[in-house]
Amino acid sequence: MKRKRIRPPKISGMRPESLMMSHGYRPEDSEGAIKPPVFQTSTFVFRSAEEGKEFFSWAYGLEKRDPERPMGLIYSRLNNPDLEILEDRLNLWDGAEESAVFGSGMAAISTSLLTLVPVGRSVVFSRPVYGGTDYLMEHILPSFGIPTREFPAGGDPSLVDRICLELAGQGTPCSMVFLETPANPTITLTDIEGCARVAHAHGALLAVDNTFLGPLYQSPLRHGADLVLYSATKYLGGHCDLLAGAALGSAELIERIKALRTILGTMLDPHSAWLLLRSLETAKLRMTCSRKNAERVAGWLRKQPQVSRVHFAGFPESEAQKEIYERQCTGPGGLIAFEIAGAGEAEAFQFLNAVRLIKLAVSLGGTESLIEHPSSMTHADVPLDEQLAIGITPGLVRLSVGIEHPDDIIADLAYALDQIESVAPIPTVSEGHRAERS
Ligand SMILES: Cc1ncc(COP(=O)(O)O)c(C=O)c1O
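Residues numbered from 1 in each chain as written. Predicted model: local features only at pLDDT ≥ 70, side-chain atom pairs only at ≥ 80, totals over all residues. Heavy atoms only, no water.

(A) Expanded view of the sheet that holds strand 11 (residues 370-372). Spatially, 5 strands are ordered 8-9-12-11-10 in an open sheet, and the strand pairing comes out mixed. In this open sheet, the two strands that pair with only one neighbour each are strand 8 (307-312) and strand 10 (359-360). Of the pairings in the sheet, the one linking strand 10 to strand 11 comprises 2 bridges and is parallel in character. Counterpart to leucine 360 in the pairing with strand 11 is isoleucine 371. Each of strand 8, strand 9 (335-340) and strand 12 (396-400) touches helix 10 (residues 283-302); the most contacted strand, strand 8, lies at about 155° to it. (Pairing = 2+ DSSP bridges. Helix = DSSP H or I, 4+ residues; strand = E, 2+ residues; numbered from the N terminus. Contact = heavy atoms within 4.5 Å. Axes fitted to C-alpha atoms, helices over the stretch in contact; angles between N-to-C directions.)

(B) Here's a closer look at a nonpolar patch on the surface. A cluster of nonpolar side chains, namely Leu114, Tyr135, Ile140, Phe144 and Leu264, defines an oily patch on the protein surface of about 410 Å² accessible area. Note on placement: leucine 114 falls in helix 4 (residues 105-116). (Patch = residues over 30% accessible without salt bridge, like charges linked within 9 Å, V, L, I, M, F, W, Y side chains within 5 Å. Areas by Shrake-Rupley, 256 points an atom, 1.4 Å probe, with all protein chains shown as cover. Salt bridge = Lys/Arg side-chain N within 4 Å of Asp/Glu carboxyl O.)

(C) Structural view of the pairing of strand 6 (residues 227-231). Taken across its 5 residues, strand 6 has 5 buried, putting it largely inside the fold. The alternating pattern of strand 6 places Leu227, Leu229 and Ser231 on one face and Val228 and Tyr230 on the opposite face, and all of these are buried. Where strand 5 (residues 205-209) lies against strand 6, 3 bridges are found, and the strand directions are parallel. Opposite aspartate 209, over in strand 6, you have leucine 229 as the bridge partner. (Buried < 20%, exposed > 50% of the residue type's maximum accessible area, 1.4 Å probe, protein only.)

(D) Highlighting the nonpolar core. Within the largest apolar cluster, 43 residues are counted, with the highest numbers of intra-cluster contacts made by Leu86, Leu90, Leu268 and Leu276. Among the nonpolar cores identified, the runner-up in size contains 28 residues, and Leu301, Ile371, Leu399 and Ala416 belong to it. (Core = buried A, V, L, I, M, F, W, Y, C linked by side-chain atoms within 4.5 Å.)

(E) A look at the sheet that holds strand 6. Ordered in space as 1-7-6-5-4-2-3, the 7 strands form an open sheet in which the pairing is mixed. Across the chains shown, the open sheet's two edge strands, defined by having one partner strand only, are strand 1 (98-102) and strand 3 (148-152). When strand polarity is set aside, the average angle formed by the axes of neighbouring strands in this sheet is 20°. Here 5 bridges tie strand 2 (residues 122-127) to strand 3, and the two strands are oriented parallel to one another. Bridging across to strand 3, valine 124 finds its partner in arginine 149. Sitting on the sheet, helix 8 (residues 251-264) touches strand 1, strand 5, strand 6 and strand 7 (245-249), and the angle it makes with strand 1 is about 25°.

(F) Main features of empty space enclosed by the protein. Applying the stated criterion across every chain, the model contains 1 cavity of 30 Å³ or more. The computed volume of the largest cavity comes to approximately 30 Å³. Together, Tyr235, Arg286, Met287, Ser290, Gly365, Gly366, Thr367 and Ile403 line the largest cavity. For the lining of the largest cavity, the per-class residue count stands at 3 nonpolar, 4 polar and 1 charged. (1 Å grid on protein atoms, 1.4 Å probe; cavity = no way out; pocket = protein on both sides within 12 Å on 5 of 7 lines; lining within 4 Å. Points joined across faces, edges and corners; volume = space filled by probe spheres on them. Nonpolar A, V, L, I, M, F, W, Y, C, P; charged D, E, K, R; others polar.)

(G) Region of the structure containing helix 9 (residues 270-281). Here helix 9 contains 12 residues, and its C-alpha end-to-end distance of 17 Å stays within 8% of the 16 Å for a straight helix at 1.5 Å per residue. When we look at burial in helix 9, the residues that qualify are Pro270, Ser272, Ala273, Leu275, Leu276, Leu277, Ser279 and Leu280. Elements in contact with the buried residues of helix 9: helix 3 (81-94) and helix 10. A side-chain oxygen of the first residue of helix 9 lies 3.2 Å from the backbone nitrogen of histidine 271; this N-cap is aspartate 269. (Expected span 1.5 Å × (residues − 1). Polar contact = N/O pair within 3.5 Å; in protein donor to acceptor, adjacent residues only side chain to side chain.)

This is the structure we're talking about:
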């Protein structure tokens with residue numbers, strides 16, 4: 001690889017899945033290797049002190065770079081070929097100008113918020129959101145002098161408008177409206193276009209966590225969002241073997257976010273970036289298979305007497321949800337949340353302890369099906385009374401449907417549902433790993 005990475009010309013008009021094997025990389029820069037190597041290096045050697053000075057002056061914004069002259073590689077906290085190629089490829093899915101990759105989804109979310117929301121300005125967010133994001137909104141940002149206000153996921157954008165007006169009246173105008181749609185774990189959809197209009201009318205940005213449906217089934221930038229955020233740990237990585245995050249948007253926003261990423265050191269590492277490049281080649285295949293499986297599984301769950309409610313983007317629960325789904329999503333994705341009829345935590349645990357093929361684990365979007373209990377796991381930080389208010393009941397379980405044969409997933413769920421009254425108490429660690437029981 002030449003030290004100055006030259007972006008190959010973009011092949012226009014082709015679909016992202018066609019370009020995931022080649023975009024952003026020239027084999028001739030790496031001895032003809034068809035795949036980019038892992039640039040497992042902390043630093044890059046300059047050809048001369050003058051060159052090093054120039055690269056730093058561009059990187060730190062001390063001098064404006066001539067667009068004809070490519071930026072050079074400096075140090076892997078600032079730039080690295082694997083990260084850059086990955087960022088170029090991510091742009092294609094969401095139609096973004098630029099993107100920045102991070103060591104985790106939370107690194108992407110927190111670095112972006114800290115960049116774009118100054119102290120004394122506020123954030124309005126849809127709730128529920130992933131538990132870590134919830135903690136950031138409820139505790140960390142306010143402790144940094146950034147007040148936050150919630151509105152219910154799926155709520156009309158006029159609610160956001162009212163909250164923004166109140167915040168402006170209190171002297172802490174809103175700088176960012178943050179949506180997670182579909183919401184984790186209730187799969188409630190929030191109107192991106194409507195919230196973008198309101199955010200922009202108040203001079204705020206609209207950020208959307210697109211982890212559940214992106215990049216295949218929802219493209220927030222095309223609906224007016226300014227920033228798209230991902231836990232790339234999920235569908236983008238797709239194999240439950242890495243942690244990563246991403247922020248996508250205009251070149252101007254992403255440059256600012258990258259400047260803070262450099263200082264906080266929240267960037268992705270080269271090896272995980274390389275793994276993600278490999279994952280992106282099969283993103284469409286994996287997501288299509290898990291979506292098809294989820295459609296089958298969700299339809300089956302709806303007919304089971306032990307299941308009282310199924311939350312699935314493909315089964316909108318109201319006219320308003322249906323309208324948002326049809327306008328904003330191109331498919332329902334692979335996540336299902338469902339309520340076990342009349343269940344408290346004990347019955348939910350009996351069910352969860354009985355699955356054999358499906359793995360009892362948090363996270364989602366991997367090749368294997370995963371199941372978890374939001375109330376006591378991913379959303380354990382949310383106080384119980386607030387959980388109930390936002391739809392997280394003790395009988396709710398969240399299933400990420402993988403790429404196994406759908407009949408086998410259904411057989412496993414059927415077996416586990418049948419065990420609800422009769423499963424033995426949970427073994428202690430000394431009694432052995434639960435997998436050994438099955
Ligand atoms: C919707 C959503 N956003 C963000 C995150 C955080 O991502 P990470 O675990 O990669 O930090 C998660 C994690 O589960 C999530 O579900």
